[in-house]
Amino acid sequence: MKTHNFQVNLEGVISLLSGHLYSSPNVFVRELVQNAVDAITARQKKEPGFKGVIRVQAMNADVPTLVFEDNGIGLTLDEVHEFLSSIGASSKRENGRGTDDFIGQFGIGLLSAFMVTDEIVMITRSAKGGPAVEWRGSSDGTYSIRLPEADYEPGTKVFIRAKSGSEELCLPLNVLKLLKHYCDLLPQPVLFSEDSGTESVVNRMDAPFLDKASFTPENQEEIAGYGREIVNGEVMASIPLSTRNGKTTGVAYVLGSSVSLARQTEHRVYMKRMLLSDENREILPQWAFFVKAVINTSELRPTASRETLYQDNELPRVRKQLGMCIRDYLVELNQTDPDLLEKIIRTHRVSVKKLALHDSEFFRIVIRYLRFPSTVGEVTIPQYREYSQEIRHIFDEEMFNKVKNIAQSHGIPVIHSRYDDDRELLNKLGEIYEGIAVTEVNPGDIMQHLEELSPEEYARIEPLLQLAAEEMEAFRTRPAVRKFQPSEIPALHYPDEAMVLERRTEHLKSQFSPFWNRLMKGVSGNRGQAVLYLNYDNALVRQMMETGDRELLRHFIRLVYIQALLIGNYQLGSRELTLLTEGLSDLLSSGLGQSQTNKPADGQ
Amino acid sequence: MDSNITDYKSFWSDIFDDDTCSNMERAIPRLRLHRDAADAANDLGYSVKIREVMLMVLHHVDGLDEMMIELLWLAGKWEQNQEDIHLSGGMEYVLRFFYYLPDYPAVSRDDIFAMAEIIRGWSGWRNRSRRHFDLNLYKMYDRMGEYQLAAELLDIMREREVVEPLQRGDGCRVCEIGRMMEYYTMLGLLDNAMQEARKLLSMRVNGCFSGPRVGLITLLDALLDHNRQEELAELIPFYVEHLHVPTRAPLRAMLPLIRYKIGQGDLPEAQELVRESAKLTGIRKDKTAADRFRALQEELRLSTPVHPCPQ
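### Considerations on the overall build of chain A
Stage number 1. Per the secondary structure count, chain A includes 19 helices and 23 strands.
Stage number 2. Every one of the 604 residues in chain A was classed for burial, and the buried ones make up 51%.
Stage number 3. Carbon and sulfur atoms make up 48% of the accessible area of chain A, which totals about 29,400 Å².

### A short note on the overall build of chain B
Stage number 1. Counting its regular elements, chain B contains 16 helices and 0 strands.
Stage number 2. Counting only residues that meet the buried cut, chain B has 52% of its 311 residues in that class.
Stage number 3. Contacts in chain B between residues far apart in sequence, at least 24 positions, make up 65% of those at least 6 positions apart.
Stage number 4. For chain B, the exposed surface amounts to about 14,700 Å²; the carbon and sulfur share of it is 52%.

### Section: the interface of chain A and chain B
Stage number 1. Every contact between the two is made by 24 residues of chain A and, on the other side, 30 residues of chain B.
Stage number 2. Across the chain A/chain B interface, buried area totals approximately 2,400 Å², and carbon plus sulfur atoms make up 61% of it.
Stage number 3. Among the residues of chain A in contact with chain B, R504, W516 and V523 of chain A are the three that bury the most area, contributing 27% of the side total.
Stage number 4. Summed over the shared surface of chain A and chain B, the number is 3 salt bridges.
Stage number 5. The tally of links from chain A across to chain B stands at 6 residue pairs in polar contact (both at pLDDT 80 or more).
Stage number 6. The biggest single contributor to the side of chain A that touches chain B is helix α16 (residues 514-524) of chain A, with 8 residues.

### Notes on unusual backbone geometry
Residue and element names in this part refer to chain A.
Stage number 1. In this model, Q485 is joined to P486 through a cis peptide bond whose omega is 0°.
Stage number 2. With respect to the helices and strands, the residue P486 is situated in the loop between β21 (477-482) and β22 (491-495).
Stage number 3. A positive phi is found at R273, a non-glycine position, where the angle reads about 70°.
Stage number 4. Structurally, the position occupied by R273 is in the loop between β13 (267-271) and β14 (274-280).

### Here's the deal with the pairing of strand β7 (residues 143-146) of chain A
Residue and element names in this part refer to chain A.
Stage number 1. Sheet analysis places strand β6 (residues 133-138) next to β7, joined by 4 bridges and oriented antiparallel. Counterpart to W135 in the pairing with β7 is I145.
Stage number 2. Between β6 and β7, which pair antiparallel and follow one another directly, the connecting turn spans 4 residues, one of which, G141, has a positive phi of 100°.

### Some points on the nonpolar core
Within soluble globular proteins, side chains that are nonpolar generally end up buried alongside one another.
Stage number 1. Among the nonpolar cores identified, the biggest contains 103 residues, and W516 of chain A together with M68, F97, L101, I119 and L219 of chain B are the most heavily contacted of them.
Stage number 2. Beyond its immediate chain neighbours, meaning those up to four positions away, M68 of chain B contacts V523 of chain A together with F97, Y100, L101 and Y104 of chain B.
Stage number 3. Counting residues in hydrophobic clusters, the runner-up holds 61 residues, among them M115, Y182, A207 and M274 of chain A.

### Digging into the sheet that holds strand β23 (residues 530-535) of chain A
All names here are of chain A.
Stage number 1. Taking strand neighbours across the sheet as the criterion, the 3 strands line up as β21-β23-β22 in an open arrangement whose pairing is mixed. Of all the strands in the sheet, just β21 and β22 have a single pairing partner and so form its edges. Averaged over all pairs of adjacent strands, the angle between their axes in this sheet comes to 25°, without regard to strand direction.
Stage number 2. As paired strands, β21 and β23 are joined by 6 bridges and run parallel to one another. Within the sheet, the bridge partner assigned to V481 lies in β23 and is L534.
Stage number 3. Those strands touched by helix α18 (residues 550-567) are β21, β22 and β23, and its axis lies near 65° from that of β22.

### Some remarks on the pairing of strand β18 (residues 391-394) of chain A
Residue and element names in this part refer to chain A.
Stage number 1. Covered by surrounding structure in β18 are I391 and H393 together with R392 and I394, the residues of both alternating faces.
Stage number 2. Across 3 bridges, the pairing between β18 and strand β20 (residues 438-440) is parallel. Bridging across to β20, R392 finds its partner in T439.
Stage number 3. Here 2 bridges tie β18 to strand β19 (residues 415-416), and the two strands are oriented parallel to one another. Considered in β19, the bridge of I394 is made with H416.
Stage number 4. Remark: the β18/helix α11 (residues 397-409)/β19 crossover connection has right-handed handedness.

### With respect to the packing of helix α10 (residues 173-186) of chain B against helix α11 (residues 190-201) of chain B
Residue and element names in this part refer to chain B.
Stage number 1. Where α10 meets α11, the closest approach of the two axes is 8 Å, and the angle between their N-to-C directions is 160°. Classified by the angle their axes make, α10 and α11 are roughly antiparallel. Judged by the sense of rotation from one axis to the other, the crossing of α10 with α11 is left-handed. Where α10 abuts α11, its residues V174, I177, M180, M181, Y184 and T185 lie against L190, N192, A193, E196, A197, K199 and L200.

### Observations regarding the environment of Q167 of chain B
All names here are of chain B.
Stage number 1. Summarising the element assignment, Q167 is placed in the loop between α9 (147-163) and α10.
Stage number 2. On the basis of relative accessibility, which here comes to 46%, the residue Q167 falls in the partly exposed class.
Stage number 3. Sequence spacing of Q167 and R128 is 39 residues, and the spatial spacing of their C-alpha atoms is 6.3 Å.

### A word on the confidence of the model for chain A
Stage number 1. With 89% of its residues at a pLDDT of at least 70, chain A reaches an overall mean of 84.
Stage number 2. Every residue in residues 102-106 of chain A is under pLDDT 50, and counting partners more than four places away or in other chains gives 25 contacts.

### Thoughts on the sheet that holds β18 of chain A
Stage number 1. Pairing is parallel across the open sheet formed by 3 strands, whose spatial order is β19-β18-β20 (chain A). Edge positions in the open sheet fall to β19 and β20 of chain A, since each of these has one partner strand only.

### Comments concerning the packing of aromatic side chains
All names here are of chain B.
Stage number 1. Applying the stated criterion across every chain yields a total of 8 aromatic pairs over all chains.
Stage number 2. Measuring from ring centre to ring centre gives 6.3 Å for F113 and Y141, while their planes differ by 45°; the resulting arrangement is tilted. Taken as a pair, F113 in helix α7 (residues 109-123) and Y141 in helix α8 (residues 127-144) lie far apart in primary sequence, 28 residues in all.
Stage number 3. Judged by its relative accessible area of 25%, F113 falls in the partly exposed class.

### A look at a negative patch on the surface
Stage number 1. On the surface, D549, E551, E582 and D586 of chain A cluster together into a patch of negative charge.
Stage number 2. Along the chain, E582 of chain A falls in helix α19 (residues 574-598).

### Brief notes about the confidence of the model for chain B
Residues and elements named next belong to chain B.
Stage number 1. Summary statistics for chain B give a mean pLDDT of 78 and a share of 76% for residues scoring 70 or more.
Stage number 2. Taken element by element, the predicted model of chain B shows its lowest mean pLDDT in helix α1 (residues 2-16) (55) and its highest in α11 (90).
Stage number 3. Contacts from residues 307-311, a stretch scored under 50 in pLDDT, to residues over four places away or in other chains number 0 contacts.
Stage number 4. Interface scoring of the predicted complex returns ipTM 0.75; its pTM is 0.57.

### Quick notes on the packing of helix α13 (residues 229-242) of chain B against helix α14 (residues 251-264) of chain B
Residues and elements named next belong to chain B.
Stage number 1. Where α13 contacts α14, the axes come no closer than 12 Å and their chain directions differ by 135°. Comparing their axes, α14 and α13 come out oblique. Relative to α14, α13 is oriented so that their crossing is left-handed. Note on element contacts: α14 touches α13 through A253, P256, L257, Y260 and Q264, opposite Q229, L232, A233, I236, Y239 and V240.
Stage number 2. Split by residue class, the contact of α13 with α14 holds 9 nonpolar, 2 polar and no charged.

### Points about the pattern of salt bridges
Stage number 1. Tallied over the entire structure, the rule returns 55 salt bridges over all chains.
Stage number 2. In this structure, R179 of chain B and E176 of chain B form a salt bridge, with 3.3 Å as the shortest nitrogen-oxygen distance. Separated by 3 residues within a single helix, R179 of chain B and E176 of chain B lie in helix α10, roughly one turn from each other.
Stage number 3. Judged by relative accessible area, which is 24%, R179 of chain B ranks as partly exposed.
Stage number 4. Of the residues examined, E176 of chain B reaches a relative accessible area of 3% and is grouped as buried.
Stage number 5. Residue E231 of chain B is joined to R228 of chain B by a salt bridge in which the shortest nitrogen-to-oxygen separation is 2.8 Å.
Stage number 6. For E231 of chain B, a relative accessible area of 15% translates into the label buried.
Stage number 7. Shared partners join several salt bridges into a network, and the residues in it are R504 of chain A together with R32, R35, D36, D39, R51, E66 and E70 of chain B.

### Notes on helix α2 (residues 27-46) of chain A
Stage number 1. In this model α2 of chain A runs 29 Å from its N-terminal to its C-terminal C-alpha over 20 residues, within 8% of the 28 Å that 1.5 Å per residue would give.
Stage number 2. Among the 20 residues in α2 of chain A, 16 count as buried, and that is most of the element.

What counts as what
- Residues numbered from 1 in each chain as written.
- Chains lettered and ligands numbered in written order.
- Predicted model: local features only at pLDDT ≥ 70, side-chain atom pairs only at ≥ 80, totals over all residues.
- Heavy atoms only, no water.
- Helix = DSSP H or I, 4+ residues; strand = E, 2+ residues; numbered from the N terminus.
- Buried < 20%, exposed > 50% of the residue type's maximum accessible area, 1.4 Å probe, protein only.
- Areas by Shrake-Rupley, 256 points an atom, 1.4 Å probe, with all protein chains shown as cover.
- Contact = heavy atoms within 4.5 Å.
- Buried area = accessible area lost by both parts, 1.4 Å probe.
- Salt bridge = Lys/Arg side-chain N within 4 Å of Asp/Glu carboxyl O.
- Polar contact = N/O pair within 3.5 Å; in protein donor to acceptor, adjacent residues only side chain to side chain.
- Pairing = 2+ DSSP bridges.
- Core = buried A, V, L, I, M, F, W, Y, C linked by side-chain atoms within 4.5 Å.
- Axes fitted to C-alpha atoms, helices over the stretch in contact; angles between N-to-C directions.
- Right-handed = clockwise from strand over helix to strand, strands pointing away.
- Parallel < 35°, antiparallel > 145°, perpendicular 65-115°, else oblique.
- Left-handed = near helix turned anticlockwise from the far one by under 90°.
- pLDDT = per-residue confidence, 0-100.
- Phe/Tyr/Trp six-rings, centres within 6.5 Å; stacked < 30°, edge-to-face > 60°.
- Patch = residues over 30% accessible without salt bridge, like charges linked within 9 Å, V, L, I, M, F, W, Y side chains within 5 Å.
- Lys, Arg positive; Asp, Glu negative; His and termini not counted.
- Charge placed at Lys NZ, Arg CZ, Asp CG, Glu CD.
- Nonpolar A, V, L, I, M, F, W, Y, C, P; charged D, E, K, R; others polar.
- Expected span 1.5 Å × (residues − 1).

Right, dumping it as structure tokens:
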């Protein structure tokens, strides 16, 4: 059987690169510099200590023209034939695999230049020897080779003339901007010149934040300064990052202000110090959204577009190890700079709480700094425990509001656990530390903590309580007595959940037919209970204890009950409305009767 | 009205974008406030929409009594305003009455039957709504101990299935598969139910698992009854994987697993599941499930060998 070769349509491939693979034609600058870096790396392998340099010249002719030049290994005539004549062939692969030393490996980098030009001219001379070679490739898929007569130093020069429609991309200002963007951290100097003007180095080259050992006090300001530039704002700390094998390193800048949970922080990732992406969201764990990282890696694989990371098994490993660096830093900060740790936790509490929930050791470190809203103000757990050893919290906002004033007046600490992950964190507190009791309470539980009466005081109020028990039985409400502030409040009413539901059913009654009302009544049942707490410190309650008028006392109890319902924002049912009307009428009548009795007779 | 609907959407994502119940529990006071505001403004459309979310949330966090009151509100409003299109959204929840109402001793049997007849009148005669109604009515009879009525209804459903097979609905695919599975299982058409289950195995069902869960529980129970081990082995790993999605499983979801482990002779694992499930017995007011759980506990106790005391 005869075999045939595939025919590759270069125009189609270029369209594929520009339209689908790369997100922008601007990447041609990165691809060409990347080839230059790899050529220098190859030469350095052959000649250790060799100093490489990359030059980019932008010429403002009628048609903008660019020259990319390096003094790297260059190519021999045979290599030019082998690597530049077939798409996907690369001199940077060994046994079909890319090596750790080179940035590129896909054999498509040079082709990216066809996104901005119709012809690429390359003059190259190998450091291994041999003559210089001129390769002229056209976007129609043809190429020619000649051996120039002029003498050339080893290295490679690539000439590009902007094709129609790509002129702006090849303008000096754009190229300079792209060089700074992609090449800032490259260790080799990248020199840029416009026309025949003076060359200037465009990249910083030195990047102490990529080496954990460089995080010294002397470098602190430089590292933080770079962070401020990157985050465009203040940074609270610079955390060195490194995987165990040291092949991925960098810095995580703790942002100076809190960020929304919904916002995913984008990290800047370099691949062998060439920018891969400044919008990466995968290299750090999701919980680390309070940092922005700058990371260089030589162990992760890029996708062919070199704009994202390949989703293999290595990525989760690297992510986990980098996440551990952040966690370990925060743990260590507990010893070295607890004030800074507290500041970070305050600013980024949502993120910190999430991490603490999933990491018990981290939980132990940070729990003492986390603040919770409570009836005694916003407190940390140690501050709370100055008030009480038992940690009481209420999740439901309505319930918390019902008890807040009373608890505040009496200094009873109750945490409102509705925010973020507070409830789970408090429950975890009870699980992790033996001896710390954490209880989710309801308002009735809080009333139990109010001051009880002495036996003498209790004896004085007992008749009133007995009468109240008789009066309230029909409302399934049990009277109790406590001393609480504010003393102007004579009584508070605390129904259980079933009673709350019954009240709602009662409230809905007028809206429906007897059939539906019967069903609702059947569901809500008659099982709810409530407690009416009389306030021993209330002047009127004290006054009523002394009166022997049982009828007056009955009126008093009914009206106090209604008042307690209104204070609790409960809607009055029909029976309660009747009670209110009757109670007021009776009181008025008795008041009027008394005033009639006291009125002096005419003529007297 | 528009702002209300926007708020409704934000409720939905806030509440359900979570794999625990905490967001839901947190949402209840907020939902009550909005319900009361919508009711006070006489905004029936929004009142219904808020209740749809409430019903879902209350069901998940075991607020069954409150859920039933809100269901009754919906049903009562439906009776008053049947021509109002806004109410139709809440109607699918009304069928939950059938499952839970028999658990309330204060509701008379006559009222339960009367309510079923009222809802029968609303559900119409379209193929799917009639089947959905019958399926729930069957469950109600079964839970009330009306086995004769249940058997008669099942016969009618089987006969109808032959002449007019069940049509697939066009709502959520995952939930619809759940309903089909349950329906076929009830009718004893286990092969048909397995076909539906296999569709489920190849789908992403994360946020929706409470939809097909009831269908799967019913099917697993039937497969266990008929000792169809191969099919059980096919379904169980999927079931276990999704059991806690999106919230903790109710007690009755644990029962087929315990039965399966006992059937496999894996008594330690069955005991572990019983221990886990014991925590759930008080949570949902599902008397039938609690009774079945106690029976399984007893079965397991009897089948666990007692080690003789060393002499």
